[in-house]
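One-letter residues, chain by chain:
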Amino acid sequence: MDFDSLSKIGAMIGSGGLVVMDEDTCMVEVARFFMNFTQRESCGKCVPCREGTKRMLEILERIVAGNGEMSDLDELEELADMIENTALCGLGKSAPKPVVSTIHAFRKEYEEHIIDKKCRAGVCSNLRVFKIDPEKCKGCSKCAKNCPVNAITGKIKSPFTIDHSKCIKCGSCIDNCPFGAVYTE
Amino acid sequence: MGIMTIDGQAIEFTDEPNVLSVIRKAGIDIPTLCYHSELSIYGACRLCTVEDDRGKTFASCSEKPRDGMIIYTNTPRLMRYRKLILELLLAAHCRDCTTCIKSGECHLQELAHRMGVHEIRFENVREIQPIDTSSHAIIRDPNKCILCGDCVRMCDNVQNINAIDFAYRGTDAQVIPAFNKKIAETDCVGCGQCRVVCPTGAISIHTNIDEVWEALADKNTKVIAQIAPAVRVAIGDNFGYAKGENVMGKLVGVLHRLGFDEVYDTSYGADLTVVEESKEFIERFTSGEKMPLFTSCCPAWVKYCENKYPEFVPNLSTCRSPQQMFGAVVREYYKDPEKNEGKKIVSVSIMPCTAKKEEILRPESYTNGKQDVDYVLTTTEIVRMIRKSGIVFDKVEIEAADVPFGIGSGSGVIFGVTGGVTEAVLRRLQQGHNRVDMESIKKSGVRGDDGIKVLTYNYNGREIKAAVVNGLANADKVLQQIKNHEAEYDFVEVMACRRGCIMGGGQPVNAGPRTRKARMKAYMIQM
């Protein structure tokens, strides 16, 4: 592993630091995170960086929120190609790289977010589905009492259930369950 | 020096400052929004991006030409990039194009059409900003600003005023006066050069069209028009005439048809200014007091002097500008009930200049508490009025300006170009007006394109040293020289706009180097 072999597969080396991620990291969210950073760093002088990174970020935010469409991937690639080749300085020229390389290497994850509305790493909160394990639930009602939208109902001492049409995915049921019965898919 | 290959054509270049100029020389109108040959290079719009033979892309405005370079300007990917850049700009731009004042002349609109942007996939999420109408010369609509920075560099590089600049960063970036003040609260002199270079409707002229229509329709008013020298060589631009063609006769005819009761020539006012200014100059030249004498015809320059060099205000000529000379004469002349026929007099001047709109409101532009000139219409505004009326410009008969103030000398007409005032004053000082003397004045260095021209003229055995300056940054240089005793002049002519009123802030836009040359040449024949 050296500079040349890494850049050959489209990785950004920068100062030579490496970040190791495992299956608990969502690659779409990573792309959104880096784009958010560069978009904030943009000085606003040249059009590709000022306007382009903003639009790329909008699209990525849409995808992680579960509102993405397949055409968004084409738009991301179109914007990335233009920005990389026309931006004024190194910041703009490299801003789309995390997006381009994640689409290249983890296209499946993007498609899951867009088509199946699923985040396999369980990171994108909008895509999480909260469930109560009837085996573990003791029917204490603590989750229901803490649910801000009254999405959880049930009889005391028997397993509770979550109404997914009401659930806003805030996660307070997970935080409040004393038995670890609430989990996400 | 060298040869480069542009889209397969071998193009020779000499002293072109960048690849972009060589491309344009090759007959390719590569699109730009932030490049002006007279301003510093900014490189922000990226529309002029080209590709070399290795597929490397770069902005041609900020790359020096090199011998043997091979570049391509119109590959499919470059066209894709340009289209997308324009789509992104339009997405963050107020798109009420059908009602925008700049519609039809908007550079952004033109380029978007040319590049085939017919759909915008992104929503405009920019916060709506208030429109700044505080200035009598210009209106700023930040919602139409695309941050190309042309106005900022014009205000800095050429005019040295810096009334506006960039503030904030990223997508929050804006072009505004410091501390988000109103433009009227800054050192803005109203020259309108920012409006001339603005590719969109973000900076436009503060118009007085409605008031003038009202006056024209009112049967109880007599509307008097005066036409400034520089208008006649520019207005034809908008009606299909050759650049720089003098269409004064047509314009007089059109104004009569529009309902102006009397149409006069500001050259007459300029002649009065020359008479007064020459007299004042000789008095000061003889006594040596308040020297050098600065001209005061240009209101933007007067305001600049007041703002930045108050110590030189006494040096400004006490003469009124031609517009104000004329305004006062009209008021006096039409006091006579026989002349005004019992009607209210509305005095309108047709000017190449936005700063003239502020000049009429200055305290010294009033006589006995009454404003001498009621409204200033710029060339651009009168074009709009003519278009609205449906009058076909070139079908109107040529008419002479009305008597008695329709006759001005050639010396009055040349006020419209840099050096004109100085030349007129020198002619006035030269008794006899024989051909040899007139030729020697012409050749004294008073004419020409330079921002600062220095000349000496022999007057009754004494040498008059004069400086002819155009562009306020150049004026600043000359004032600094005088202040530091590095140069001594007897007479200093300043016009705020580069090349004088012919390139004023109210003139038709899209006036590049060829138009500049044509308008200047029109005056050479005049003189």
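Residues numbered from 1 in each chain as written. Chains lettered and ligands numbered in written order. Predicted model: local features only at pLDDT ≥ 70, side-chain atom pairs only at ≥ 80, totals over all residues.

Before going further, it helps to examine the overall build of chain B. Summing up its helical and strand segments, chain B has 18 helices and 19 strands in all. The C-alpha atoms of chain B give a radius of gyration of 24 Å, which matches the 24 Å a tight globule of 527 residues would have. Summarising its shape, the C-alpha atoms of chain B cover approximately 75 × 55 × 50 Å along the three principal directions. Out of the 527 residues in chain B, the part that is buried amounts to 49%. Put simply, 72% of the contacts in chain B that link residues at least 6 apart link residues at least 24 apart. (Helix = DSSP H or I, 4+ residues; strand = E, 2+ residues; numbered from the N terminus. Rg over C-alpha atoms; globule rule 2.2 N^0.38 Å. Buried ≥ 20, exposed ≤ 12 C-beta atoms within 10 Å, placed from the backbone. Contact = placed C-beta atoms within 7 Å.)

Okay, the sheet that holds strand β18 (residues 462–470) of chain B next. All names here are of chain B. Across the sheet, which stays open at both edges, the four strands sit in the order β12-β19-β18-β17 with mixed pairing between neighbours. The open sheet has two edge strands with one neighbour each: β12 (293–294) and β17 (452–459). Examined bridge by bridge, β17 and β18 share eight bridges and lie antiparallel to one another. Bridging across to β18, Y459 finds its partner in R462. Relative to β17, helix α16 (residues 435–446) is tilted by about 145°, and along the sheet it contacts β17 and β18. Sheet strands touched by helix α17 (residues 472–483): β17, β18 and β19 (491–495). Its angle to β18, the strand with the most contacts, is close to 145°. (Pairing = 2+ DSSP bridges. Axes fitted to C-alpha atoms, helices over the stretch in contact; angles between N-to-C directions.)

With that out of the way, let us pick up the sheet that holds strand β16 (residues 375–378) of chain B. Residue and element names in this part refer to chain B. Taken in spatial order, the four strands line up as β11-β10-β13-β16 in an open sheet, and their pairing is parallel. Among the strands making up the open sheet, the edge pair consists of β11 (262–265) and β16. Here the average twist between neighbouring strands, direction ignored, is 25°. Pairing of strand β13 (residues 344–351) with β16, which is carried by four bridges, proceeds in the parallel orientation.

Counting 182 residues, the largest nonpolar core has M56 and L60 of chain A together with L89, C151, A225, W301 and A496 of chain B as the members making the most contacts within it. Aside from chain neighbours lying at most four places away, what touches L60 of chain A is V28, A31, R32 and M35 of chain A. Counting 13 residues, the second largest nonpolar core, distinct from the first, contains F130, C147, C177 and V182 of chain A. (Core = buried A, V, L, I, M, F, W, Y, C linked by C-beta atoms within 7 Å.)

All names here are of chain B. Each domain of chain B was delimited in the assignment, giving domain 1 (2–74), domain 2 (123–205) and domain 3 (291–318 + 423–503 + 512–526). Its C-alpha centre places domain 1 at a distance of 28 Å from the equivalent point of domain 2. Taken together, the residues of the side of domain 1 that touches domain 2 sort by class into six nonpolar, two polar and one charged. (Domains from an automatic or database assignment. Nonpolar A, V, L, I, M, F, W, Y, C, P; charged D, E, K, R; others polar.)

All names here are of chain B. Locating M495 in the fold gives a position in strand β19. The exposure class assigned to M495 is buried, which follows from the 32 C-beta atoms found within 10 Å. Sequence-wise, M495 and G416 are 79 residues apart; in three dimensions their C-alpha atoms are separated by 9.6 Å. Here M495 is in contact with C298, W301, T418, N470, G500 and C501, once residues within four sequence places are set aside.

A word on unusual backbone geometry. Residue and element names in this part refer to chain B. The omega torsion across M291 and P292 is -5°, close enough to zero to call that bond cis. Relative to the elements of secondary structure, P292 occurs in the loop between α8 (266–287) and β12. Between V403 and P404 the backbone carries a cis peptide bond, its omega angle lying at 5°. Relative to the helices and strands, P404 resides in the loop between α13 (379–389) and α14 (410–413). Positive phi, normally seen in glycine, also occurs at L147, with a value near 60°.

It is common to give the size of an interface as the accessible area lost on bringing the parts into contact. Structurally, chain A comprises domain 1 (27–116) and domain 2 (129–184). Averaged C-alpha coordinates put domain 1 of chain A and domain 2 of chain A at centres separated by 36 Å.

Attention now goes to the pairing of strand β3 (residues 49–52) of chain B. All names here are of chain B. Bridge count between β3 and strand β4 (residues 57–59): three bridges; the pairing is antiparallel. Of the residues in β4, the one forming a bridge with T49 is A59. Joining the antiparallel neighbours β3 and β4 is a turn of four residues, in which G55 adopts a positive phi near 85°. Across two bridges, β3 lies against strand β5 (residues 70–72) in antiparallel orientation. Along β5, the bridge assignment pairs D52 with I71.

Residues and elements named next belong to chain B. Along its twelve residues, helix α10 (residues 322–333) runs 16 Å from first to last C-alpha, staying within 8% of the 16 Å computed at 1.5 Å per residue. When α10 is considered as a whole, its buried residues turn out to be P322, Q323, Q324, M325, F326, G327 and V330. Check the buried side of α10 and you find it contacts β10 (221–227), α8, β13 and α12 (356–359). (Expected span 1.5 Å × (residues − 1).)

Contact with chain B, which involves 20 residues of that partner, is made by 20 residues of chain A. Of the residues forming the side of chain B that touches chain A, the biggest block, six residues, is contributed by helix α2 (residues 76–91) of chain B. Residue composition of the side of chain B that touches chain A, grouped by class: twelve nonpolar, five polar and three charged.

With that out of the way, let us pick up the packing of helix α3 (residues 47–64) of chain A against helix α4 (residues 70–86) of chain A. Residue and element names in this part refer to chain A. Two elements in contact, α3 and α4, have axes whose closest approach is 10 Å; the angle formed by their N-to-C orientations is 155°. Of the possible angle classes, the one that applies to α3 and α4 is roughly antiparallel. When you trace α3 past α4, the crossing you get is left-handed. When α3 is examined against α4, the residues P48, C49, G52, T53, R55, M56, I59, R62 and I63 are found in contact with a partner set consisting of D72, E75, L76, L79, A80, M82, I83 and T86. Looking at the contact of α3 with α4 residue by residue, the classes come out as ten nonpolar, three polar and four charged. (Parallel < 35°, antiparallel > 145°, perpendicular 65-115°, else oblique. Left-handed = near helix turned anticlockwise from the far one by under 90°.)

Turning our eyes to something else, we now look at the pairing of strand β2 (residues 9–13) of chain B. All names here are of chain B. One ladder, built from five bridges, connects strand β1 (residues 2–6) with β2; its direction is antiparallel. Bridge pairing in β2 places M4 opposite I11. Counting the residues in the hairpin turn of β1 and β2 gives two residues, including D7, whose phi is positive at 50°.

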